Amino acid sequence: MIRSVIAFAFVAFACVPHAKAWEPFRSESSQVKRGNELLQKGQSKEALEAYDEAARKLPNEPGVQLNRGLALMKEGKLAPAREAFRNASQGSAPPQIRGEALYDMGLAFMQEAEVAAKGEQLDAAQKSLREAVDAFKGSLRAKPGNRDAGWNLELARRRLVEIDKKKEEQDKKKDEEA
């Protein structure tokens, strides 16, 4: 599988490859293997096509949804990526996959929060950061000791405090102008 990590404080990330089978005694599908190879080469559009093909054949496999989410995130399609991560983290997903999917979902929410904050859409930024905090907490519950999730949980909390303060100042300014 592919796993995303945050590269610096606020949402820059890089994919680090970890190709492995989803569960013991199961072989990886050829479409997933091809998708993993393409994603490692930076060909996210082609990787997404391979993962979509795998998802049609294996609709209930959380590993496929996790990989689809990563390819979607690389394509900048954050809302569909979050949905894929959500699908990967539900049902009978193994804790390892659930933890990774929730972690990546948190990264997607952090990216959305930064885009919203730059556009002065502070309500949307707050909402996305709260969702990121929840996702990172869920990741830590599924995969205790995950340093990346703990680190990014703290980053999301700190950024939420910053946005909350900025929103208060913005609201106060509006009240004074009224």
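Here the structure is a predicted model, which is why all the values come from computation and not from measurement.

Before going further, it helps to spend a moment on the overall build of the protein chain. Of the regular secondary structure elements, the protein chain holds seven helices and two strands. Mapped from its N terminus to its C terminus, the protein chain presents α and β elements in the order β-β-α-α-α-α-α-α-α. Residue burial in the protein chain is summarised as follows: out of 178 residues, 48% are buried.

Another aspect to go through is the confidence of the model for the protein chain. When pLDDT is averaged along the protein chain, the result is 86; 84% of the residues meet or exceed 70. pLDDT under 50 marks residues 1-26. Its contacts with residues more than four places away, or in other chains, come to 87 contacts.

Right, let's get into the environment of Q170. Within the fold, Q170 resides in helix α7 (residues 147-177). In contact with Q170, not counting residues within four places along its chain, are E120 and L122.

Backbone geometry at E120 places phi at a positive 60 degrees, although glycine is not the residue there. Looking at where E120 falls in the secondary structure, it is placed in the loop between α5 (95-118) and α6 (122-142). A residue is classified by how much of its surface remains accessible, and E120, at 40% relative accessible area, is partly exposed.

Moving on: the nonpolar core. M73, F85, F136 and A156 are the most contacted members of the largest nonpolar core, which totals 44 residues. Secondary-structure elements contributing two or more residues to this core are α1 (30-40), α2 (44-57), α3 (62-74), α4 (78-89), α5, α6 and α7. The element that contributes the greatest number of residues to this core is α5, accounting for 12 residues.

In contact at an axis separation of 10 Å, α3 and α5 are set at 20 degrees when each is read in the N-to-C sense. The angle between α3 and α5 falls in the class roughly parallel. Two packed elements cross with a definite hand, and for α3 against α5 that hand is left-handed. Side by side, α3 and α5 meet where P62, G63, L66, L70 and M73 of the first sit next to I97, E100, A101, D104, L107, A108 and Q111 of the second. Residues of the contact of α3 with α5, tallied by class, amount to eight nonpolar, two polar and two charged.

Our next topic: the packing of aromatic side chains. Scanning all chains against the criterion turns up one aromatic pair. Between Y103 and F136, the aromatic rings sit 5.7 Å apart at their centres with planes inclined by 55 degrees, giving tilted as the arrangement. In this pair, Y103 sits in helix α5 while F136 sits in helix α6, placing the two residues 33 residues apart along the sequence. The pair formed by Y103 and F136 is uniform in burial state, with each residue classed as buried.

Applying the stated criterion to the full structure yields 12 salt bridges. In this structure, the salt-bridge partner of E53 is K57, at a minimum N-O distance of 3.8 Å. Here K57 and E53 lie together in helix α2, a separation of four residues that amounts to about one turn. E154 serves as the salt-bridge partner of R158, at 2.9 Å between the closest nitrogen and oxygen. On the criterion of helical spacing, the pair formed by R158 and E154 is a turn pair, its members being four residues apart in helix α7. Among the ionic contacts, a cluster of salt bridges with common partners joins E114, R159 and E162.

Here is what the cut-offs are and how they apply
Residues numbered from 1 in each chain as written. Predicted model: local features only at pLDDT ≥ 70, side-chain atom pairs only at ≥ 80, totals over all residues. Heavy atoms only, no water. Helix = DSSP H or I, 4+ residues; strand = E, 2+ residues; numbered from the N terminus. Buried < 20%, exposed > 50% of the residue type's maximum accessible area, 1.4 Å probe, protein only. pLDDT = per-residue confidence, 0-100. Contact = heavy atoms within 4.5 Å. Core = buried A, V, L, I, M, F, W, Y, C linked by side-chain atoms within 4.5 Å. Axes fitted to C-alpha atoms, helices over the stretch in contact; angles between N-to-C directions. Parallel < 35°, antiparallel > 145°, perpendicular 65-115°, else oblique. Left-handed = near helix turned anticlockwise from the far one by under 90°. Nonpolar A, V, L, I, M, F, W, Y, C, P; charged D, E, K, R; others polar. Phe/Tyr/Trp six-rings, centres within 6.5 Å; stacked < 30°, edge-to-face > 60°. Salt bridge = Lys/Arg side-chain N within 4 Å of Asp/Glu carboxyl O.

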